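# Secondary and tertiary structure notes
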Amino acid sequence: MTQRPDWRHVTITLVFLAAVVVTATLPRTAWPEVLGAYALAFIAYTVVIARWGLPPVRLRYWIAVAVLARFLMLFCFPNLSDDIYRFIWDAEQTLQGTNPYDVVPSEVIPADSSLRQSGIYPALNSPDYHTVYPPIGQGLFALASLLGGLDWFTFALVLKLFFLAAECLTIRIMYQILKRKGQSSRVLIYALNPLVIVELVGNVHLEAFVILGLVLAIYYLEKRKLAGVAAGFALGIGAKLLPAMLVPLLVRRLPIRRFIWLTIMLGTACLVLFLPMLRSDLLAGAGSSINLYFQKFEFNASLYYIARWIGYQLEGYNLIATIGPLLAGLTVLIVAMIVAFERGPHRSNFARAAMFGLTAYLLLATTVHPWYVCPLVALCVFTRYRYAVAWSAVVFVSYAAYRTPAYDEDLLLIAISYLVVLAWLAFEIRKFTRHPRDAPAIRDS
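None of these values were measured; they are calculated from a predicted model.

The nonpolar side chains of a soluble globular protein tend to be buried, and buried together. Grouped together as the largest cluster of nonpolar side chains are 153 residues, with contacts concentrated most on Phe16, Ile84, Leu159, Tyr190, Phe233 and Trp391. Excluding residues that lie within four positions of it along the chain, Tyr190 makes contacts with Arg70, Glu167, Thr170, Ile171, Met174, Val196, Leu200, Ile211, Cys374, Val377, Ala378 and Val381.

Our focus in this paragraph is the packing of helix H2 (residues 31–51) against helix H19 (residues 387–394). One way to put it is that H2 packs onto H19 with a least axis distance of 10 Å and a crossing angle of 155°. It follows that H2 is roughly antiparallel to H19 by the angle criterion. Where H2 approaches H19, its residues Tyr38, Phe42 and Tyr45 are matched on the opposing element by Val389, Ser392 and Ala393. Across the contact of H2 with H19, the residue classes tally to five nonpolar, one polar and no charged.

Now for the packing of helix H1 (residues 7–25) against helix H10 (residues 194–202). Interhelical geometry of H1 versus H10 gives an angle of 40° and a closest axis separation of 10 Å. Between H1 and H10, the crossing angle belongs to the class labelled oblique. Handedness of the crossing formed by H1 with H10: right-handed. Residue-level inspection shows Phe16, Val20, Thr23 and Ala24 of H1 in contact with H10, the latter providing Pro194, Ile197 and Val198. The residue makeup of the contact of H1 with H10, split by class, is six nonpolar, one polar and no charged.

Let us look at the pattern of salt bridges. Evaluation of the coordinates by the stated rule reveals ten salt bridges. Notably, a salt bridge pairs Asp90 with Arg86, separated by 3.0 Å at the nearest N-O pair. Residue Asp90 and its partner Arg86 are both found in helix H4 (residues 83–95); the two are separated by four residues, about one turn of the helix. Linked through salt bridges whose partners overlap, the residues forming this network are Arg180, Lys181 and Glu222.

Look at Val204: it is not a glycine, yet its phi comes out positive at around 45°. With respect to the helices and strands, Val204 occurs in the loop between H10 and helix H11 (207–222). For Val204, a relative accessible area of 1% translates into the label buried. Although it is not a glycine, Arg224 sits at a positive phi angle of roughly 60°.

Another point: the packing of aromatic side chains. Two aromatic rings, taken as a pair, are described by how far apart their centres are and by the angle between their planes. Counted according to the given criterion, the structure contains 25 aromatic pairs. A centroid spacing of 6.3 Å and a plane angle of 50° characterise the contact between Phe77 and Tyr85, whose relative ring orientation is tilted. Aromatic side chains Tyr219 and Tyr220 sit 5.1 Å apart centroid to centroid with 85° between the ring planes, which places their arrangement in the edge-to-face category. In this structure Tyr220 comes out as partly exposed when scored by relative accessible area, which is 26%. Members of the aromatic cluster, joined through ring pairs, are Tyr38, Phe42, Tyr45, Phe299, Phe396, Tyr399, Tyr402 and Tyr407.

This brings us to H11. Taking 1.5 Å per residue as the helical rise, H11 with its 16 residues ought to reach 22 Å, and the 22 Å between its terminal C-alpha atoms agrees with that figure. Within H11, 14 of the 16 residues are buried, leaving the element largely enclosed by the surrounding structure. Following H11 by one or two positions, Arg224 has its phi on the positive side, about 60°.

A word on the environment of His9. Residue position: His9 is located in helix H1. By relative accessible area, which is 0% here, His9 ends up buried. Here the alpha-carbon distance between His9 and Val48, two residues 39 residues apart in the chain, equals 8.6 Å.

Attention now moves to a nonpolar patch on the surface. There is a patch of nonpolar side chains on the surface, built from Leu303, Ile306, Trp309, Ile310 and Leu314 and spanning about 540 Å² of accessible area. With respect to the secondary-structure elements, Trp309 resides in helix H15 (residues 303–315). On the basis of relative accessible area, Trp309 is assigned to the exposed category, the value being 55%.

Cut-offs and rules
- Residues numbered from 1 in each chain as written.
- Predicted model: local features only at pLDDT ≥ 70, side-chain atom pairs only at ≥ 80, totals over all residues.
- Heavy atoms only, no water.
- Core = buried A, V, L, I, M, F, W, Y, C linked by side-chain atoms within 4.5 Å.
- Buried < 20%, exposed > 50% of the residue type's maximum accessible area, 1.4 Å probe, protein only.
- Contact = heavy atoms within 4.5 Å.
- Axes fitted to C-alpha atoms, helices over the stretch in contact; angles between N-to-C directions.
- Helix = DSSP H or I, 4+ residues; strand = E, 2+ residues; numbered from the N terminus.
- Parallel < 35°, antiparallel > 145°, perpendicular 65-115°, else oblique.
- Nonpolar A, V, L, I, M, F, W, Y, C, P; charged D, E, K, R; others polar.
- Left-handed = near helix turned anticlockwise from the far one by under 90°.
- Salt bridge = Lys/Arg side-chain N within 4 Å of Asp/Glu carboxyl O.
- Phe/Tyr/Trp six-rings, centres within 6.5 Å; stacked < 30°, edge-to-face > 60°.
- Expected span 1.5 Å × (residues − 1).
- Patch = residues over 30% accessible without salt bridge, like charges linked within 9 Å, V, L, I, M, F, W, Y side chains within 5 Å.
- Areas by Shrake-Rupley, 256 points an atom, 1.4 Å probe, with all protein chains shown as cover.

Keep in mind these numbers describe shape, not what the thing actually does.
This is the structure in structure tokens:
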């Protein structure tokens, strides 16, 4: 018998959509209201994935709701992030024939420019640094500016259309992968996640294309099509460099000859993508901005804040310039250890290894914005682990820092949020290590 959505589904749908829209619409300075709306959306999300995702008709219904929620994000200006202004700045430099990697906004005198008149320059959050957005992002920014102009809302709307398309494609491919394993309802874990909806389409963060690239790589890895795997990784790396750290996880999952071919194809694709940056001075400029990211910026960190406190006790000042690069190096070491010592590496459990590699990166990072957690939510649907879902719930409390112009972080809230994540992670590791029978019938890890 066909099961149709009833009044309960309609009610929870309306609550969910309203809460998501309110979350994306409110300014980030309205902290209690933003948190309340997000909490309501997350409660509705939890109810859906826990109870109403299994019957096929309902699954299609909730996927449609997920797409509708993203569509509504098109009309919400990205209030929770000010990255949009740098996107517009970079786009305008490209359209004027200037390489955006060659321009530091504060070194340009924009008194007579359209950007100064539009008020975008004063809104830039990092005017003293070279852009750090890779070529995929720059191409999207330029195209959105070409079609939408310098009007903030129109530019954001056009740009969001690309992100909406990427997210719909991600959900489609994710569903196909999970359907083959008899786990199609798991797609709702990602598709309906409020953090993913608000941050990726709502606030246009390039993690949407990182996730699309990773999902494509997983899809083609299971089909043993190296060109598709290389294309997926190239897309992810072209949107944000982070996926490059996950490529070594394929060393023991592929015959060495095929891995070499994969690296050749991926290297060639990345070389083509990064041609706009292949000048020593441009690489130095972008590299210096990335280096400063590890040596100066700090937000919503976990282990770094503990190391910073120890540094204050020992030296009396912030040792981020030393601690940041050391923690980044430790991340590389942990990924190398996963490559060397992982038990039973296989194409089917690449997502698990990638998830733990990204987890190590985030736990050791000096800066963890809420949208950084979205790739973990995407990867977790292919595994038994759900700590990423808990992380996506509690990471939103980091927006409490924007209650005041000084951006003062509430370290107690941050500590509590990370304790929740680490406790959940420890519980799941213990559970799946000691009780393998708790695993689903179809092995996915």
